[in-house]
Amino acid sequence: MTHIILYAIVPIVVIMLAGFISGKKNIFSGADAKKFNKVVLDYALPAALFVSIVQASREDLAKDLKLTLVSLIGIMGCFMLVYFIFKYCFKKNTGADAAVSALISGSPTIGFLGFAVLEPIFGTTPAVALVVAIVGIVVNAVGIPVGLSLMNSSLESQNPGSTKKQSSWVPVINALKQPVAWAPILAVILVLCGLHWPAWLSPSFDLMAKANASLAVFSAGITLSSIKFSINWQVVLGSIMKMIVMPLVVLILGLLFKMDPFNLKMLVVAAALPPAFSGIIIADEYDTYTATGTSSLTLSVILFVGFCPLWIWLTDIALRMF
């Protein structure tokens, strides 16, 4: 546990604090953070995912079928649970508010913090990359399109003609066009085809991949510096759903599916990651639920410092019992 705190949690806090201070001193702005995020999502993260997965074997992928099912069922189940709770339990919320809540409190920020958290704890292995890739595809290629569809449906019902009518497949196709989605899929296809990845090609990808974790965490600190923080019941509930309910659901499903213990531990930690920054970006773009959503994100980031080692400990206990 000391190793986890010193090698996984403390570095994240230090780098995020550096970004936060830089933002407060106006060294970098929210606009700069968006540019850093683009470098992470379009270059560094895809490179990290691709080069890690392409070095795996068919046997490794076969073991990850259960990982895919548990990720999809667990994350999207919690996603829809957040949506219905925030839509029907808070009378002031519209369907659009609930959809943004699901995009935030029902999605882990796997793209920004996945490698930064998992690699110091579980090592630099293809298994870590596969967890990041699978959860990332669920969040980006399934969660975001579903959230956007729910939000657009609500906005259209409130104000007919306010949104452009489009096929429900358009958000899915747009998500799959992003490098963070197609790069790991391409790597999986290459592995399944039995194509050997030359070792001399990896350093070209590794150099870009190394920028992923540090730049993502630094950018997150800048983003948090521009957020006005306030506490209310929805903020607290959103953090509970993200920090407690989602990892618990994933843990229970993993035990029921008899997942590989190593994969299950990584998936539980991934599920306990703070809310996805993409939800905040969408909230800001549509000017919907921005203040509460950003406050929930901030509180979850603070709580993650304690919940990360706690969930690793609880998962170890559960694996010994079952």
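Everything numeric in this text was worked out from a predicted model, so none of it was measured.

### Remarks on the overall build of the protein chain
- From N to C terminus, the protein chain includes 15 helices and zero strands.
- Taken over C-alpha atoms, the radius of gyration comes to 19 Å for the protein chain, in line with the 20 Å a tight globule of 322 residues would show.
- Each principal axis of the C-alpha distribution contributes one length, and for the protein chain these read about 55 × 45 × 45 Å.
- Counting across all 322 residues of the protein chain, residues that qualify as buried make up 52%.
- Summed over all atoms, the accessible surface of the protein chain reaches about 14,900 Å², with 69% contributed by carbon and sulfur.
- Side chains of the protein chain carry 20 positive and 14 negative charges; the gap between the two charge centres is 6 Å.

### A look at the packing of aromatic side chains
- Scanning all chains against the criterion turns up ten aromatic pairs.
- Each member of the aromatic cluster is reached from another via a ring pair, and the members are Phe28, Phe36 and Phe218.

### Notes on helix α1 (residues 2–24)
- With 23 residues, α1 should reach 33 Å at 1.5 Å per residue; the first-to-last C-alpha distance of 31 Å fits that figure.
- Maximal helix bending in α1 amounts to about 35°, located at Ile9; proline Pro11 follows within four positions.
- The complete set of buried residues in α1 reads Ile4, Ala8, Ile9, Ile12, Met16, Gly19, Ser22 and Gly23.
- Buried-residue contacts for α1 involve α6 (110–122), α11 (211–225) and α15 (290–321).
- Of the residues one or two after α1, Asn26 is the one with positive phi, at around 65°.

### Focus on the packing of helix α13 (residues 261–271) against α15
- Interaxial distance between α13 and α15 falls to 9 Å at its minimum, and their mutual angle equals 155°. Relative to α15, the element α13 lies roughly antiparallel. The way α13 lies across α15 gives a crossing that is right-handed. Only Phe304, Cys308, Trp311, Ile312, Thr315, Asp316 and Leu319 of α15 make contact with α13, whose side of the interface consists of Pro261, Leu264, Lys265, Val268 and Val269.
- Residues belonging to the contact of α13 with α15 are distributed by class as follows: nine nonpolar, one polar and two charged.

### So, α11
- Over its 15 residues, α11 runs 21 Å from end to end, which matches the ideal 21 Å to within 8%, given 1.5 Å per residue.
- α11 sits mainly inside the fold: twelve of its 15 residues count as buried.

### Re unusual backbone geometry
- The phi torsion at Asn26 lies on the positive side, around 65°, for a residue other than glycine.
- Residue placement: Asn26 occurs in the loop between α1 and α2 (30–53).
- Asn26 gets classed as exposed once you look at its relative accessible area, which sits at 67%.
- Positive phi, normally seen in glycine, also occurs at Lys258, with a value near 55°.
- Along the polypeptide, Lys258 turns up in the loop between α12 (233–256) and α13.
- Note on Lys258: relative accessible area 65%, which makes it exposed.

### A short note on the pattern of salt bridges
- What the rule picks out here adds up to two salt bridges.
- Here Asp42 and Lys38 are joined by a salt bridge, their closest N and O atoms 2.9 Å apart. Highlighted residues: Asp42 and Lys38, both in helix α2, separated by four residues, approximately one helical turn.
- Taking the shortest distance from any N to any O, the salt bridge between Lys265 and Asp316 comes out at 3.0 Å. With Lys265 in helix α13 and Asp316 in helix α15, this residue pair connects regions lying 51 residues apart in the sequence.
- Residue classification places Lys265 among the partly exposed positions, given a relative accessible area of 21%.

### What to know about the state of the cysteines
- Summed over all chains, the structure comprises zero disulfides.
- Between Cys78, a cysteine without a disulfide, and Cys89, which holds the nearest cysteine sulfur, the sulfur-to-sulfur distance is 15 Å.
- Look at Cys78 and you get buried, because its relative accessible area is 3%.

### So, a nonpolar patch on the surface
- Together, Ile5, Leu6, Tyr7, Val10 and Val14 make up an exposed nonpolar region whose accessible area comes to about 460 Å².
- Within the fold, Tyr7 resides in helix α1.

### Remarks on the environment of Thr294
- Locating Thr294 in the fold gives a position in helix α15.
- Taking the C-alpha atoms as reference points, Thr294 and Ser230, separated by 64 residues in sequence, lie 9.0 Å from one another.

### Overview of the packing of α1 against α15
- Direction vectors running N to C along α1 and α15 enclose 170°, while the axes themselves pass 11 Å from each other. Taken together, α1 and α15 sit at an angle that is classed as roughly antiparallel. Side by side, α1 and α15 meet where Ile4, Ile9, Val13 and Met16 of the first sit next to Val301, Phe304, Val305, Cys308 and Ile312 of the second.
- Residues of the contact of α1 with α15, tallied by class, amount to nine nonpolar, no polar and no charged.

Reading the values: rules and limits
Residues numbered from 1 in each chain as written. Predicted model: local features only at pLDDT ≥ 70, side-chain atom pairs only at ≥ 80, totals over all residues. Heavy atoms only, no water. Helix = DSSP H or I, 4+ residues; strand = E, 2+ residues; numbered from the N terminus. Rg over C-alpha atoms; globule rule 2.2 N^0.38 Å. Buried < 20%, exposed > 50% of the residue type's maximum accessible area, 1.4 Å probe, protein only. Areas by Shrake-Rupley, 256 points an atom, 1.4 Å probe, with all protein chains shown as cover. Lys, Arg positive; Asp, Glu negative; His and termini not counted. Charge placed at Lys NZ, Arg CZ, Asp CG, Glu CD. Phe/Tyr/Trp six-rings, centres within 6.5 Å; stacked < 30°, edge-to-face > 60°. Expected span 1.5 Å × (residues − 1). Bend = angle between axes of the 7 residues up to and from the residue. Contact = heavy atoms within 4.5 Å. Axes fitted to C-alpha atoms, helices over the stretch in contact; angles between N-to-C directions. Parallel < 35°, antiparallel > 145°, perpendicular 65-115°, else oblique. Left-handed = near helix turned anticlockwise from the far one by under 90°. Nonpolar A, V, L, I, M, F, W, Y, C, P; charged D, E, K, R; others polar. Salt bridge = Lys/Arg side-chain N within 4 Å of Asp/Glu carboxyl O. Disulfide = S-S within 2.5 Å. Patch = residues over 30% accessible without salt bridge, like charges linked within 9 Å, V, L, I, M, F, W, Y side chains within 5 Å.

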